[in-house]
Amino acid sequence: MSFKTWFQPIVPVRLIEKDLTVQVPSQFFYDWLEEHYNTLLHNTITAVIGETSSLFYIVTSEEHPSAPLANSGFDLVSTTIDFVRTQPFAPHVPLRTENLQSIRSNFNPRYTFDNFIKGDCNQLARAAALAVANNPGGTSFNPLVFYGGTGLGKTHLMHALGNHAATNGKAKRIAYVSSEKFTVDFVEAIQGDKVKEFSSFYRSMDLLVVDDIQFFSGKEKTQDNFFHTFNALYQLGKQIVLSSDVPPKELRGLDERLISRFQCGLTADIQPPDLETRIAILQKKSEENSLELPSNVVDFIAANVKKNIRELEGCLISLFARASLENREIGIDLAKDVLRVIVNDLRVPLSIDQIQKIVCEFFDIPVDLLRAKTRRQEVVIARQTAMFLAKELTNSSLKTIGLHFGGRDHSTVIHACQAVEEFLKTDGVYKQHLDQIRRKIELNE
Ligand code: ADP
Ligand code: MG
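Draft legend 1. Seen up close, the packing of helix H16 (residues 377-393) against helix H18 (residues 410-426). One can describe the packing of H16 onto H18 by two numbers: an axis separation of 8 Å at closest approach and a directional angle of 100 degrees. Relative to H18, the element H16 lies roughly perpendicular. Facing H16, whose interface residues are Ile 381, Gln 384, Thr 385, Met 387, Phe 388 and Lys 391, H18 presents Thr 412, Val 413, His 415, Ala 416, Cys 417, Ala 419, Val 420, Glu 421, Phe 423 and Leu 424. When grouped by side-chain class, the residues that make up the contact of H16 with H18 number 10 nonpolar, four polar and two charged.

Spelled out as structure tokens, the structure:
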């Protein structure tokens, strides 16, 4: 009899690791179970799932008769239920999530998807952010965790996601917070006896974005509060987005429970930008600021500033600041002066033309002859040497190199490279010459 009345109506919703979530028909039902069957439930669940297991309840609101949860998805849950959590088996104050006002807390409208440059380095993270922004809580990317080194675009992407979700009306209540601010506010809440308000605020969000979670490290009480916030939101099918400077599993000083929660959605990395992405970012940023940046300066900066995007932006700002303060033209010379302060080992991308010039100076022949048809011995040697060095020192393809030598075929370039390798093995004087030319090229940089 008891079983039929009190246990048959319980609907299992999900089991994630050791956390079992069940749906019950009413608040009264929940109270009754907790009061009369708490020990029985506890013992049974511990026996079946194991120690440290937890039971979570979803209570279907009486005004909105329950629809079967199994196939109705999260949306229904969030609009028609009150939510009660027990952790473990101690009821908390139910939190109403209905009729709350829209809120958009702390998002920076300057960071959008439009001004976020796509590259191989951030492709997955960007695609996931866009999917989540279009359907917060409705994808399997929950939580969505971005990780990557500093200055690679994590914060930008998180704001873009929030702005997009707010604009397309998919999330009414959204908040961005860094883990540091969350910690400080939590401590203040404890001191001001406002923990309940603090928790309700974050637990009422449709989309909660928490940046730099590595700073939760070692802060146990904050972590505990965040753990409960996380669970509360997760159970309601609300979207959680996090970022970290390392993959979640490498986070130190964080509770294992939290780390395993972080890993149940999608973890997307952001890598340092490749050359093409760096070039695209420089072009975009100078366009945004209506500034003219000659393409050789773009190439030069992109070739030298590789670590992160914040540094790229820093270079651009210094470049334009110095150009206007010192009244100088924006060119390679100014760029070199700016970058010297930032980059230890400056490299100017070498052009095939420069190599040809230096090789011809060394062999004392006019540069045009390299492009001409002449097969005079000294010209052939100079031409083959220049082709060899162009292959060694630039990223140009064989085809491009051939084109710079009077439209010669790529097989001619291959032949030239083989010839030079042969000279290097057999001709000591030639080897010395080549070393001297290389040194001249280095000095010229
Ligand atoms: P992180 O949070 O990973 O340390 P940020 O998001 O603060 O990095 O990015 C640093 C700067 O670089 C910001 O000004 C941001 O707008 C810019 N940035 C990063 N990635 C991109 C990108 N893919 N396209 C355009 N700007 C970017
Ligand atoms: Mg950041």
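After presenting the structure, the write-up continues.
Draft legend 2. Quick look at the site of ligand 1. Around ligand 1 there are 17 residues in total, and Ile 117, Gly 151, Thr 155, His 156 and Glu 313 lie nearest to it. Gly 153 has a polar backbone atom sitting 3.0 Å from an oxygen atom of ligand 1. Here ligand 1 has 560 Å² of accessible area as a free molecule, and 94% of this is covered by the chains. Secondary-structure elements contributing two or more residues to the shell around ligand 1 are helix H5 (154-167) and helix H12 (309-325). For the shell around ligand 1, the per-class residue count stands at five nonpolar, eight polar and four charged. In terms of domain composition, the shell around ligand 1 takes at least three residues from each of domain 2 (97-269) and domain 3 (275-339).

Draft legend 3. Representation of the packing of helix H6 (residues 179-191) against helix H8 (residues 220-235) in the model. At a closest axis distance of 10 Å, the pairing of H6 and H8 adopts a crossing angle of 100 degrees. Looking at the two axes, H6 sits roughly perpendicular to H8. Across the interface between the two elements, Phe 182, Thr 183, Phe 186 and Ile 190 from H6 touch Lys 221, Thr 222, Asn 225, Phe 226 and Thr 229 from H8. In the contact of H6 with H8, the residues fall into four nonpolar, four polar and one charged.

Draft legend 4. Spotlight on the sheet that holds strand S5 (residues 103-105). Across the sheet, which stays open at both edges, the six strands sit in the order S5-S7-S8-S9-S6-S10 with parallel pairing between neighbours. Looking at the sheet topology across the chains shown, the edges are occupied by S5 and strand S10 (266-269). Ignoring strand direction, the axes of neighbouring strands in this sheet form an average angle of 15 degrees.

The rules behind the values
- Residues numbered from 1 in each chain as written.
- Chains lettered and ligands numbered in written order.
- Predicted model: local features only at pLDDT ≥ 70, side-chain atom pairs only at ≥ 80, totals over all residues.
- Heavy atoms only, no water.
- Axes fitted to C-alpha atoms, helices over the stretch in contact; angles between N-to-C directions.
- Helix = DSSP H or I, 4+ residues; strand = E, 2+ residues; numbered from the N terminus.
- Parallel < 35°, antiparallel > 145°, perpendicular 65-115°, else oblique.
- Contact = heavy atoms within 4.5 Å.
- Nonpolar A, V, L, I, M, F, W, Y, C, P; charged D, E, K, R; others polar.
- Near = heavy atom within 4 Å.
- Polar contact = N/O pair within 3.5 Å; in protein donor to acceptor, adjacent residues only side chain to side chain.
- Areas by Shrake-Rupley, 256 points an atom, 1.4 Å probe, with all protein chains shown as cover.
- Domains from an automatic or database assignment.
- Pairing = 2+ DSSP bridges.

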